[in-house]
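# Breakdown of the fold
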Amino acid sequence: IHPDGWIQQFDELGGRWIGLQLLKGLRVISEGELRESFKTSQAEVVGLRVAHAYISDDEPGSSSLSIQNVLQHHYPSEEVMRISLSSMEDLSGFTKDVLFIYEDGLWSGVELVKRLKAICSSDAFKNGDFQLHFKYGITSDVGLAAARLFAKREKLGRLQFRASAPNYHLNFLRDDVDSCLEHLSERGDESIRI
C-alpha cells in the first residue's frame with residue numbers, strides 16, 4: 001500500500017498524527033538485505049541434506065511472495081518448497097535432514113507460535129525426523145524468547161531459531177527482565193505474551 005493510503009486508515013479514526021509518527025520510524029528492508037540475511041553458508045549444511053521453504057500466506061500485504069522470490073533466485077528450484085499451514089501435505093514424505101524456513105521478521109512471536117502449533121501437531125512432523133531451522137530478516141529478543149520457550153516447553157529439540165545479524169536484531173526486554181522468564185510460575189504462551 002502507498003504511504004498516503006496507509007495513513008488514511010489513521011486519518012479516518014482521527015489519528016493521522018499516529019500514522020505519521022509510525023512512518024517516521026519506519027525502516028524499509030530492501031530485497032537485497034533480505035537476500036543477504038537468508039544466505040546459508042556451506043559450513044551450516046556440511047553433512048546435511050537440506051531444503052529451503054517459505055510459508056505460503058494469502059493475506060493482503062503478506063511477504064510470502066517476496067520471500068518465495070528471494071529463495072527461488074538464491075537456491076536451486078528443486079531445493080525450494082512452500083508450506084501451507086492449512087494442509088501440511090507439503091511436509092508429507094519429507095526426507096531431508098533440515099528444512100530451513102525463512103520469514104521476514106520475528107517480532108512478538110505470537111504469529112510464529114501459532115504456526116509452530118500447526119506444524120508440530122501435523123502427522124508429517126510427528127512421523128518425520130527432520131529439523132526445522134527458522135531464519136529471519138529481522139528478529140527481536142521477545143520473539144526469540146517466545147519461540148524458544150515454546151520449543152523447550154513442548155520438548156522439541158528439532159526446532160532452531162536463528163537471531164538476525166546484530167544490526168537487524170531488536171531488544172525490547174528491559175535489562176532487569178530475564179529472557180528465560182524463569183520468574184513465571186506458569187509458562188504458557190499467554191503468560192509469556194503478558
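An account of the accompanying structure is given in this report. Just so we're clear, the structure is a prediction, and the values are computed from it rather than from any experiment. (Residues numbered from 1 in each chain as written. Predicted model: local features only at pLDDT ≥ 70, side-chain atom pairs only at ≥ 80, totals over all residues. Heavy atoms only, no water.)

## Some points on the overall build of the protein
- A count of helices and strands for the protein gives nine helices and six strands.
- Evaluated residue by residue, the protein yields a buried proportion of 39% over its 194 residues.
- Long-range pairs, those at least 24 residues apart, make up 76% of the contacts in the protein with a sequence separation of at least 6.
- Of the roughly 11500 Å² that the protein leaves accessible, carbon and sulfur atoms contribute 51%. (Helix = DSSP H or I, 4+ residues; strand = E, 2+ residues; numbered from the N terminus. Buried < 20%, exposed > 50% of the residue type's maximum accessible area, 1.4 Å probe, protein only. Contact = heavy atoms within 4.5 Å. Areas by Shrake-Rupley, 256 points an atom, 1.4 Å probe, with all protein chains shown as cover.)

## Structural notes on the pairing of strand S3 (residues 98-106)
- Most of S3 is tucked away: eight of the nine residues are buried.
- Bridging between strand S1 (residues 50-55) and S3 involves five bridges; their strand directions are parallel. Of the residues in S3, the one forming a bridge with Ala 51 is Leu 99.
- As paired strands, S3 and strand S4 (residues 131-140) are joined by eight bridges and run parallel to one another. The partner of Phe 100 across the bridge, within S4, is His 133. (Pairing = 2+ DSSP bridges.)

## Here we look at the nonpolar core
- By size, the foremost hydrophobic cluster in this structure holds 29 residues, and its most contacted members are Leu 91, Leu 99, Ile 101, Leu 132, Phe 134, Leu 159 and Phe 161.
- Elements supplying a minimum of two residues to this core: S1, strand S2 (80-83), S3, helix H6 (110-120), helix H7 (123-127), S4, helix H8 (141-153) and strand S5 (159-161).
- Ranked by residue count, the leading element in this core is H6, at five residues.
- Phe 161 has contacts with Leu 112, Leu 116, Phe 134, Leu 144, Ala 147, Arg 148 and Ala 151, leaving out every residue within four places of it along the chain.
- Among the nonpolar cores identified, the runner-up in size contains 13 residues, and Val 45, Tyr 54, Val 80 and Tyr 102 belong to it. (Core = buried A, V, L, I, M, F, W, Y, C linked by side-chain atoms within 4.5 Å.)

## A closer look at the pattern of salt bridges
- With the rule as written, the count across this model stands at ten salt bridges.
- Among the ionic pairs, Asp 11 bridges to Arg 16, the shortest N-O distance being 3.7 Å.
- Its salt-bridge partner being Arg 49, residue Asp 97 comes within 3.1 Å of it at the nearest N-O pair. Placement of Asp 97 in the loop between S2 and S3 and of Arg 49 in the loop between helix H4 (42-45) and S1 is noted, with a sequence separation of 48 residues between them.
- Judged by relative accessible area, Arg 49 falls into the partly exposed class, the value being 45%.
- By sharing partners, the salt bridges in this structure join Glu 44, Lys 135 and Arg 162 into a single network. (Salt bridge = Lys/Arg side-chain N within 4 Å of Asp/Glu carboxyl O.)

## A short note on the packing of aromatic side chains
- Taken as a whole, this structure holds seven aromatic pairs when the rule is applied.
- Aromatic side chains Phe 125 and Phe 130 sit 5.9 Å apart centroid to centroid with 85 degrees between the ring planes, which places their arrangement in the edge-to-face category. An identical accessibility class is assigned to Phe 125 and Phe 130; each is buried.
- Both rings, one in Phe 134 and one in Phe 161, keep their centres 5.3 Å apart while their planes meet at 20 degrees; by these two values the pair is stacked. Of this pair, Phe 134 sits in strand S4 while Phe 161 sits in strand S5, and the two are 27 residues apart along the sequence. (Phe/Tyr/Trp six-rings, centres within 6.5 Å; stacked < 30°, edge-to-face > 60°.)

## Considerations on the pairing of S1
- In terms of residue burial, S1 counts as a mostly covered element, since six of its six residues are buried.
- A two-sided burial pattern is seen for S1, the buried positions comprising Val 50, His 52 and Tyr 54 on one face and Ala 51, Ala 53 and Ile 55 on the other.
- As paired strands, S1 and S2 are joined by four bridges and run parallel to one another. Looking at the pairing, His 52 lines up with Val 80 of S2.

## Focus: the side chain of Ser 64
- If you trace the backbone, Ser 64 turns up in helix H5 (residues 64-74).
- Every residue in contact with Ser 64, bar those within four places of it in the chain, is listed here: Tyr 54, Ile 55, Ser 56 and Asp 57.

## Notes on the packing of H6 against H8
- Where H6 meets H8, the axes come as close as 9 Å, and the angle between the chain directions of the two elements is 25 degrees. Between H6 and H8, the angle is such that the two are roughly parallel. As H6 packs across H8, the resulting crossing turns out to be right-handed. Taking contact as the criterion, the partners of Leu 112, Val 113, Leu 116 and Lys 117 in H6 are, on H8, Ala 146, Ala 147 and Phe 150.
- Grouping the amino acids of the contact of H6 with H8 by side-chain chemistry returns six nonpolar, no polar and one charged. (Axes fitted to C-alpha atoms, helices over the stretch in contact; angles between N-to-C directions. Parallel < 35°, antiparallel > 145°, perpendicular 65-115°, else oblique. Left-handed = near helix turned anticlockwise from the far one by under 90°. Nonpolar A, V, L, I, M, F, W, Y, C, P; charged D, E, K, R; others polar.)

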